[in-house]
Structures are given as structure tokens and as C-alpha cells.
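What follows is the residue order along each chain.
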Amino acid sequence: MTRIRHVLSEDYVEELTYLQSNCLPFDKAVPTDDPDYDWWLAEDGSEPIAFACFVPSVRSLHTAYFARSGVLPSARGNGLQKRLIRSRAAYAKRHGYVWAITDTTDNPASSNSLISCGFRLYQPAAPWAFAHSLYFRKKIA
């Protein structure tokens, strides 16, 4: 059974780094221990299979930015990405956030998961990602 839980990055640096490099090999970012980041870890038994995070947006008040998320190739296709989206949105709502925003680049599966979870495309006044990135938002409160 797959379990998703909110974790402190400093306690799970190894697992988060492993997932980052195996889920998003093109992205050389390293999971941060910045206290502003909130992290989720999904495990099948004791094996880490997915991760996600959000951070308070620097662009808008009361807005959570869903910064990154990844599912190991062997665990894809089972709705895990949607569960991670819903877990983060529920947590953000409980902590007073009104909106959740994110972006995707060349990733139709993630875009479809966001749409499935109620996110809608929008064009931010000041785009922050690549010229061909898609931007999503959802009112969560």
C-alpha cells in the first residue's frame, strides 16, 4: 500500500535526492532544507516512489507555489501524482492559503493531472518559467 506523508527535508535528504534524480533526471536541482519548503514523500512499503513540495509564493499573498513533484517511472499511471496534488492543496488550505499555482514545461501528464484536480490554465502578469511553459492556478479556500 502506498502511503503519502508530509516530511521534513532535513530528515529525508537522501530519499528526496534519490527521487529528484530518478524522477526528474533532466533537472539538476537538489532538494532544499529551506524551512519555507514543505515536502511530501510517497512510499510503497519502505521504498520511496514519489515526492512533491510547495513553498509560499513570492508573487502573490496567500498563495502556495507547487514547486516540484516526481513519480518514479515504475510507479506512474496509478494516480499518485493526483494524490500528491490533493495532499498539498489540502495542507495549504488548512494553513490559510487561498490559491495554489504551478507551472509545467513539456509535461502533458502533469498538466493533465493538474487539470483533473481542478487547476486551470492562466497567464500570469509576470511569467517566471520558460517561454513555452504552461501556468496553472486553483482557488483552494
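Our subject is the structure that appears above.
Participant: What am I meant to see in the pattern of salt bridges here?
Facilitator: Close approach of charged atoms lets side chains of opposite charge pair. Summed over all chains, the structure comprises three salt bridges. Note that Arg3 is salt-bridged to Glu43, the shortest N-O span being 3.2 Å. Taken as a pair, Arg3 in strand 1 (residues 2-7) and Glu43 in strand 2 (residues 38-44) lie far apart in primary sequence, 40 residues in all. Looking at Arg3, the relative accessible area reads 45%, which means it is partly exposed. Residues joined in a network through salt bridges with shared partners are Arg3, Arg5 and Glu43.

Participant: Explanation requested: helix 1 (residues 13-23) in the structure shown.
Facilitator: The periodicity of an α-helix, 3.6 residues per turn, causes residues three or four places apart in sequence to face the same way. For helix 1, the full list of buried residues reads Leu16, Leu19, Gln20 and Cys23. Seen from one end, helix 1 has its buried residues packed into an arc of 100 degrees, which puts them on one side. For helix 1, the secondary structure elements touched by its buried residues are strand 2, strand 3 (47-56) and strand 4 (63-71).

Rules used in this analysis
Residues numbered from 1 in each chain as written. Predicted model: local features only at pLDDT ≥ 70, side-chain atom pairs only at ≥ 80, totals over all residues. Heavy atoms only, no water. Salt bridge = Lys/Arg side-chain N within 4 Å of Asp/Glu carboxyl O. Helix = DSSP H or I, 4+ residues; strand = E, 2+ residues; numbered from the N terminus. Buried < 20%, exposed > 50% of the residue type's maximum accessible area, 1.4 Å probe, protein only. Arc of directions from axis to C-beta. Contact = heavy atoms within 4.5 Å.

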